Amino acid sequence: MTKYTVLLNSIEKIKDFVNTITRYPYDFDLVSGRYTIDAKSIMGIFSLDLTHPLDLCAYTDGDEKLQEDLKPYLVEKGA
């Protein structure tokens, strides 16, 4: 599993994010506090607090193409 911190603070960003990760065969979870949802679910994403960064768990190890595709959504830890 690889963990990223992402910020999805607009409807357009959420749509692009879901379109990006659905191209991959891996499972993805978004974690906000005690809530965990399937990151490929637009409705699930809208149920989270999107004013703060979220933890993205990608159930793969070190896919460089995935990391490149996620760059527009990534934030630094502690940001």
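I will try to describe carefully the structure that is included in this document.

The rules behind these values
Residues numbered from 1 in each chain as written. Predicted model: local features only at pLDDT ≥ 70, side-chain atom pairs only at ≥ 80, totals over all residues. Heavy atoms only, no water. Helix = DSSP H or I, 4+ residues; strand = E, 2+ residues; numbered from the N terminus. Rg over C-alpha atoms; globule rule 2.2 N^0.38 Å. Buried < 20%, exposed > 50% of the residue type's maximum accessible area, 1.4 Å probe, protein only. Contact = heavy atoms within 4.5 Å. Areas by Shrake-Rupley, 256 points an atom, 1.4 Å probe, with all protein chains shown as cover. Lys, Arg positive; Asp, Glu negative; His and termini not counted. Charge placed at Lys NZ, Arg CZ, Asp CG, Glu CD. Arc of directions from axis to C-beta. Pairing = 2+ DSSP bridges. Phe/Tyr/Trp six-rings, centres within 6.5 Å; stacked < 30°, edge-to-face > 60°. Patch = residues over 30% accessible without salt bridge, like charges linked within 9 Å, V, L, I, M, F, W, Y side chains within 5 Å. Salt bridge = Lys/Arg side-chain N within 4 Å of Asp/Glu carboxyl O.

Regarding the overall build of the chain
- A tally of helices and strands in the chain yields three helices and four strands.
- A compact globule built from 79 residues would reach a C-alpha radius of gyration of about 12 Å, and the chain, at 11 Å, matches this within 12%.
- Projected onto its principal axes, the C-alpha positions of the chain cover 30 × 25 × 25 Å.
- For the chain, the residues scored as buried account for 41% of the 79 residues in total.
- Sequence separation of 24 or more characterises 66% of the internal contacts of the chain that already satisfy a separation of 6 or more.
- For the chain, the accessible area works out to roughly 4800 Å², and carbon and sulfur atoms hold 51% of it.
- Averaging the locations of the 9 positively and 13 negatively charged side chains of the chain gives two centres separated by 3 Å.

Observations regarding helix α1 (residues 11-21)
- Turning to α1, its buried residues are I14, F17, V18, T20 and I21. The arc that holds the buried residues of α1, viewed along the axis, is 160°, so those residues lie on one side.
- Each element contacted by the buried residues of α1 is listed here: β2 (28-32), α2 (42-46), β4 (54-58) and α3 (64-70).

Thoughts on the pairing of strand β3 (residues 35-38)
- Note: β2 against β3, four bridges, orientation antiparallel. Following the sheet pairing, V31 is matched in β3 by T36.
- Counting the residues that bridge the hairpin from β2 to β3 gives two residues, and of these G33 lies at a positive phi of roughly 65°.

A short note on the packing of aromatic side chains
- For the coordinates displayed, the defined rule picks out three aromatic pairs.
- Consider the rings of F17 and Y73, whose centres lie 5.4 Å apart with planes at 80°: the pair is edge-to-face. Taken as a pair, F17 in helix α1 and Y73 in the segment after α3 lie far apart in primary sequence, 56 residues in all. Grouping residues by exposure puts F17 and Y73 together as buried.

Remarks on a nonpolar patch on the surface
- There is a patch of nonpolar side chains on the surface, built from I11, I42 and F46 and spanning about 280 Å² of accessible area.
- Since its relative accessible area comes to 41%, F46 is described here as partly exposed.

A short note on the side chain of T60
- Along the chain, T60 turns up in the loop between β4 and α3.
- Not counting chain neighbours up to four residues away, the residues in contact with T60 comprise M1, T2, Y26 and L66.

On their own, these measurements won't tell you what the molecule is for.
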